[in-house]
Amino acid sequence: MLALHGLAWKRLGAYLKESQLLGSIQNTLYWDQNTSMPCAGASWRAEQLSLLAKQIHERQSSDQLQDLLNAAKAEFEQLLALEELQPKTIIEKKRNIQLLEQDIKRQKSLDTGLVVSLAKSKSKGYELWQKARSENDFQIFAPALKELISLRHEEVRQLCEPRTAWETLAQPFEPDLTISRLNNLFDPLRKALPQLLDQSRSIKNNPTLSWELDPLSQGVLANQLFEDWSIDRSKTCLSQSPHPFSITLGPCDFRLTNRVVDGQPLSCFLATAHELGHSLYEQGLPCESHQWFAWPVGQATSMAVHESQSLFWENRVARSRAFSKRFWPIFVKAGAPFSSSFDLWRAMNRFKPCLNRVEADELTYGLHILIRTDLEIALIEGGLPVDDLPAEWNSRYKSLLGIQPNNDREGCLQDVHWSEGQFGYFPSYLLGHLISAQLSESMSNHLQEDGFDADDPIESCINKRQESLLLSWLRKEVHPIGRNMNSDELVETVTGSSLSSESFLKYLDRKLKIAFKGF
């Protein structure tokens, strides 16, 4: 009778919820560490995070969890035989069982001591990365990076998966990704992006204007986005951090950060649009209800899909012509020296190489990611010594972008990811561009059928202040999928075609033509 009432499944759900609560506490401490924790608290925070990492790992690899899953699986099979379940429920439960078995196997392969050491090293790495950036000295951070790489190598050894070392580390971010598939997607970009960059050099940009917006005005503009996109303030919180990010602390608790960068008056606004895109995706996942929040299916498909959503709202919406027409008077009121909406559009879409990935334009951004992807593969499995990283970084920037960092802070210390042991994450950013472009084409086809301008339905929708229709399409077609499939499968399901670089390159070509000709 237990099977008939689904008690085994409920018991498994209760266990997963407790694990998720611990994970939420861990995320809350991470949020605090990045937004308001005094630097002197770093060592104690490392102890806190290490303890939580140990407890979460023990729960995720325990015999108790395995027993609960076995019972739930047996119960599911009984109900399946009795034809007591709806087709949608069958699909979701099968996928949850598959993912839980996969996750448990991974966790059981890892020694608790390694998990604790990684947690401590990540916290220490973040602390030393901040210090190295502050003092502009890579060698302060180098020992921590060496230790993190060594620990990740041990993780690869313990997991013993039929993948290369880098592929193994990339799985939590991009399930099923291989270097071969990555090359298949990125190789056309290695050829096309430098060619497009050469074309862009002849664009007559505005004369270089020396202008700035004070931090208060930048904050007002960022908050205007919340109002314009009808963000629910009762469950969405905005703060500041050294590196913008978005994080979910609970089913109705979504946090994001931005930052004010000297000499980059649009950075805060665009970072807010980007992180709001992440948060809107999280709020649209099946995890929003308590029923699925603790289950694998309720989690993001992959980081590339996550990035596709943030990039859609930052680039397709906030950087659009229609959005510039609406917002340029607001920017002028805040103190920006724009005489037309095209001035704002050109300021947001300047095609010019820069040293900082976060501040890069859409064209050169991909080159930033190709450099990082190649370097981290070289660090993990290509034998690149950590001490050679700054020189190798600078050399690749000179070769691909024609510019070179003047110091470590401008170069290999600009990103937080490696300080937290996140090897395998960077490709997700560029994959996100590809996914965003391909999904946008499908969205445009749908909007065109609904009567929006055939030339650019998304622009037409924004022009009519109907971004809610864009969100509705994403809520229906993309957000509910969760981990029911990987990113390649999601793209093919939604668009009818395999993921490729074609849509993204077409989008860039179209944007360059606007830059040449104007509105």
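This one's a predicted model, so the numbers in the text were calculated from it and none came from an experiment.

(A) Region of interest: the packing of helix α1 (residues 7-35) against helix α2 (residues 42-60). Where α1 meets α2, the closest approach of the two axes is 10 Å, and the angle between their N-to-C directions is 160°. Of the possible angle classes, the one that applies to α1 and α2 is roughly antiparallel. Like other packed secondary-structure pairs, α1 and α2 cross with a definite hand, here left-handed. Of α2, the residues touching α1 (which contributes Tyr15, Glu18, Ser19, Leu22, Gly23, Ile25, Gln26, Leu29, Asp32 and Gln33) are Arg45, Gln48, Leu49, Leu52, Ala53, Gln55, Ile56 and Arg59. Here the residues of the contact of α1 with α2 are counted per class, giving 8 nonpolar, 6 polar and 4 charged.

(B) A look at helix α8 (residues 179-200). With 22 residues, α8 should reach 32 Å at 1.5 Å per residue; the first-to-last C-alpha distance of 30 Å fits that figure. Of all the bends in α8, the greatest, near 35°, is centred on Leu185, and the proline Pro188 appears no more than four residues after it. Considered for burial, the residues of α8 that qualify are Ile179, Leu182, Leu185, Phe186, Leu189, Ala192, Leu193, Leu196, Leu197 and Ser200. Of the surrounding secondary structure, the elements contacted by the buried residues of α8 are α7 (165-170), α15 (362-381), α16 (389-401), α17 (427-449) and α21 (502-517).

(C) Highlighting α2. Here α2 contains 19 residues, and its C-alpha end-to-end distance of 26 Å stays within 8% of the 27 Å for a straight helix at 1.5 Å per residue. Within α2, burial applies to Ala42, Arg45, Ala46, Leu49, Ser50, Leu52, Ala53, Ile56, His57 and Arg59. Check the buried side of α2 and you find it contacts α1, α3 (63-81), α4 (87-109) and α5 (112-135).

(D) Here's a closer look at unusual backbone geometry. Phi at Asn136 takes a positive value of approximately 55°, unusual for a residue other than glycine. Its relative accessible area of 25% is what places Asn136 among the partly exposed residues. Of note in this structure, Arg465 is not a glycine but carries a positive phi near 60°. Within the fold, Arg465 resides in the loop between α18 (457-463) and α19 (467-477).

Conventions and cut-offs
- Residues numbered from 1 in each chain as written.
- Predicted model: local features only at pLDDT ≥ 70, side-chain atom pairs only at ≥ 80, totals over all residues.
- Heavy atoms only, no water.
- Axes fitted to C-alpha atoms, helices over the stretch in contact; angles between N-to-C directions.
- Helix = DSSP H or I, 4+ residues; strand = E, 2+ residues; numbered from the N terminus.
- Parallel < 35°, antiparallel > 145°, perpendicular 65-115°, else oblique.
- Left-handed = near helix turned anticlockwise from the far one by under 90°.
- Contact = heavy atoms within 4.5 Å.
- Nonpolar A, V, L, I, M, F, W, Y, C, P; charged D, E, K, R; others polar.
- Expected span 1.5 Å × (residues − 1).
- Bend = angle between axes of the 7 residues up to and from the residue.
- Buried < 20%, exposed > 50% of the residue type's maximum accessible area, 1.4 Å probe, protein only.

Take it as geometry only, folks, not as evidence of what the structure does.
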